[in-house]
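Coordinates in review
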Amino acid sequence: MNFQIATLLGQDGLTNGAIYALLALSILLVFTVTRILLIPLGEFVTFGALTMAAMQMGKAPKLEWLLLGLVLIDCVLDLYQQIKYHIDRNKMKKIALKLGYALAMIGLLNNLPLSEIPMACQVLLTLCLIVPLGPIMYRLFFQPLADAPALVLLIVSIALHVAMVGIGLLLFGPEGARTQPFSDTGFRLGAVMLKSQTLWVILVSIFLIVTLFIAFERTLYGKALRATAVNRMGARLQGISPVFAGKATFALAAFIGSASGILIAPITTLYYDSGFIISLKGFVGAIIGGLVSYPIAAIGAVAVGMIEAFSMFWASNYKEIIVFTLIIPFLIWRSMNSHHVEDDE
């Protein structure tokens, strides 16, 4: 190994680590607020990448029909509650808006020249299609079980992951896809050429992490989510809706997951089932942070990316084993130094 090879590996490690850091923060955010380990987070990554690829090929992504189906089920449940209890005009308007949004997305995706519109518009359409899936999934699958034991929530999360993998195969097929890079230019640093897409990934990841930090520190909604993460019962007594907190965190997770897929799609070919391994590496970073500390989780995720990159040079056949073995010493250390704390319901 020489300096040039080390620099290239470090570049790949930072790129992967930035994505893993975003996913680790998403896992921590959802877990601390809702007690749910979001196993299907990786599917948002692959859905974002494959949807973007379909648009660039001029095809309307079939994911639009999944959005419409889930919105219809959501609207039917809301209508049932309205009929069972009492009719609220504001809630009826929300039902109409949700259904209108899904139909408007289908109309746009089937009438726009998707392969000819600017890439920024393709990214926006992809996010508008995928992000609403997060709160709808929380509403349908987790909200009725919000007070269930953590093990039940984990089982539901695993079942949803398996279902989403199957849906991904049905909607996108077994073929992999890669999108066009945001920029083809490169920057030379000494004897090493830096890829512009790598800079895009790192800069956008830093921007999202900083934006999330500011939102949680400075905004009212961010403080409400932080309060829910610290003490769910106390937040509920202060008037913070746990339903709002759950939907908001799932929306953020869907946004970060789909944005991560859009960022890495020009770098690597993604398949319908590629998301699980990617999110699992983010989970390793979250475990390093003890499923509590956001900065340590982000640093741990970057370390996972660096170790993975250098493992490809020294022991490429064992890189996955090396990465996932990292979790063992941290679990042992956490178990030896943690104290039992009663779960606040």
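In every chain, residue numbers begin from 1 and rise along the written sequence. Restriction of local features to residues with pLDDT of at least 70 applies here, the model being predicted, together with a cutoff of 80 or more for giving and counting side-chain atom pairs; totals for whole chains, interfaces and linings are based on all residues. To obtain the side-chain values, all non-hydrogen atoms of the structure were included, while hydrogens and water were left out.

1. Describing the nonpolar core
Only buried Ala, Val, Leu, Ile, Met, Phe, Trp, Tyr and Cys residues count toward a nonpolar core, and they belong to the same one when joined by side-chain atoms within 4.5 Å. Whether a residue is buried, partly exposed or exposed follows from its accessible area with a 1.4 Å probe, protein chains only, as a fraction of its type maximum: under 20%, in between, or over 50%, in that order. Counting 70 residues, the largest nonpolar core has Phe-44, Leu-63, Leu-67, Leu-133 and Phe-142 as its most contacted members. Only runs of H or I of at least four residues qualify as helices and only runs of E of at least two qualify as strands under DSSP, and these elements are numbered from the N terminus. No other element matches the 10 residues that helix H1 (residues 3–34) contributes to this core. Residues count as neighbours in contact if any of their non-hydrogen atoms are within 4.5 Å of one another. Excluding residues within four positions of it along the chain, Phe-44 makes contact with Ile-130, Leu-133, Gly-134, Met-137, Met-164, Ala-254, Gly-257 and Ser-258. Leu-29, Leu-208, Leu-225 and Ala-245 belong to the second largest nonpolar core, which has 10 residues in total.

2. Considering the packing of H1 against helix H8 (residues 196–218)
Where helices are involved, their axes are fitted lines through C-alpha atoms of the stretch in contact, as for all axes, and angles between N-to-C directions lie from 0 to 180°. For the pair H1 and H8, the least separation of the axes is 9 Å and the interaxial angle reads 25 degrees. Classified by the angle between their axes, H1 and H8 sit roughly parallel to one another. Seen from above, H1 lies across H8 with left-handed handedness. Contacts from Gln-11, Leu-14, Thr-15, Ala-18, Ile-19, Ala-21, Leu-22, Leu-25 and Leu-29 in H1 reach Thr-198, Val-201, Ile-202, Ser-205, Leu-208, Ile-209 and Phe-216 in H8. Residue type decides the class: Asp, Glu, Lys and Arg count as charged, Ala, Val, Leu, Ile, Met, Phe, Trp, Tyr, Cys and Pro as nonpolar, and the leftover types, Gly among them, as polar. Here the contact of H1 with H8 is composed, by residue class, of 12 nonpolar, four polar and no charged. An angle counts as roughly parallel when it lies under 35 degrees, as roughly antiparallel when it exceeds 145, as roughly perpendicular when it falls between 65 and 115, and as oblique in every other case. Here a crossing is taken to be left-handed if its near helix is turned anticlockwise relative to the far helix by less than a right angle, and right-handed if that turn runs clockwise.

3. Details of the confidence of the model for the chain
Known as pLDDT, the predictor's confidence for each residue is given on a scale from 0 to 100. Residues at a pLDDT of 70 or more form 92% of the chain, whose mean pLDDT is 83. Per-residue pLDDT, averaged within each element of the chain, yields its smallest value for strand E1 (residues 186–189) (68) and its largest for helix H6 (residues 133–142) (92). Segment residues 341–345 is flagged for pLDDT under 50; beyond a separation of four residues in sequence, or across chains, it makes eight contacts in the model.

4. Some remarks on the pattern of salt bridges
A pair is scored as a salt bridge if a Lys or Arg side-chain nitrogen falls within 4 Å of a carboxyl oxygen belonging to Asp or Glu. With the rule as written, the count across this model stands at five salt bridges. Asp-78 is the partner of Arg-139 in a salt bridge, and the nearest nitrogen-oxygen pair spans 3.2 Å. Here Arg-139 is found in helix H6, whereas its partner Asp-78 is found in helix H3 (residues 63–84), with 61 residues between them in sequence. Exposure remark for Arg-139: the relative accessible area of 9% places this residue in the buried category. One salt bridge in this structure joins Lys-281 and Glu-308, with 2.4 Å as the shortest N-O distance. Separated by 27 residues along the polypeptide, Lys-281 in helix H12 (residues 275–288) and Glu-308 in helix H13 (residues 294–314) bring together distant segments of the chain. Connected through salt bridges with shared partners, the residues Asp-74, Asp-78, Lys-98 and Arg-139 form a single ionic network.

5. Some details on H12
Because each turn of an α-helix spans 3.6 residues, side chains separated by three or four positions end up pointing in the same direction. For H12, built from 14 residues, the straight-helix expectation of 20 Å at 1.5 Å per residue is met to within 8% by its first-to-last C-alpha distance of 20 Å. By the criterion of burial, H12 is predominantly enclosed, with 10 of the 14 residues buried. Turning to H12, its buried residues are Gly-275, Ile-278, Ser-279, Lys-281, Gly-282, Val-284, Gly-285, Ala-286, Ile-287 and Ile-288. By this rule the span expected of a helix is its residue count minus one, scaled by 1.5 Å.

6. Remarks on the environment of Ile-321
Looking at the secondary structure, you find Ile-321 in helix H14 (residues 319–325). Separated by 13 residues in sequence, Ile-321 and Glu-308 place their C-alpha atoms 9.7 Å apart.

7. Focus on the side chain of Thr-34
Examined against the element boundaries, Thr-34 turns out to sit in helix H1. Looking at Thr-34, the relative accessible area reads 9%, which means it is buried. A 3.5 Å cut-off defines polar contacts: any pair of N or O atoms within that distance qualifies, except that in protein one atom must be a possible hydrogen donor and the other a possible acceptor, and neighbouring residues in sequence count only when both atoms are side-chain atoms. A distance of 2.5 Å separates a polar side-chain atom of Thr-34 from the backbone oxygen of Val-30. When sequence neighbours within four positions are dropped, the list of residues in contact with Thr-34 reads Tyr-138, Leu-153, Gly-246, Thr-249 and Phe-250.

8. Some thoughts on a nonpolar patch on the surface
A cluster of nonpolar side chains, Leu-79, Ile-83, Ile-87 and Met-92, forms an exposed patch at the surface whose accessible area comes to about 380 Å². Tracing the backbone shows Leu-79 in helix H3. Classification of Leu-79 as partly exposed rests on a relative accessible area of 34%. Here the term patch refers to residues with relative accessible area over 30% and no salt bridge, with like charges joined within 9 Å and nonpolar side chains (Val, Leu, Ile, Met, Phe, Trp, Tyr) within 5 Å. Working definition of accessibility: Shrake-Rupley area with a 1.4 Å probe, residue cover restricted to the visible protein chains.

9. Some points on the packing of H3 against H6
Their axes nearest at 10 Å, the elements H3 and H6 cross at an angle of 45 degrees. On the basis of their axis angle, the class for H3 and H6 is oblique. Crossing handedness for the pair H3 and H6: left-handed. In this structure, H3 contributes Leu-63, Leu-66, Leu-67, Leu-70, Val-71, Ile-73, Asp-74, Leu-77, Asp-78 and Gln-81 to the contact, and H6 contributes Leu-133, Ile-136, Met-137, Arg-139 and Leu-140. In terms of residue class, the contact of H3 with H6 is made up of 11 nonpolar, one polar and three charged.

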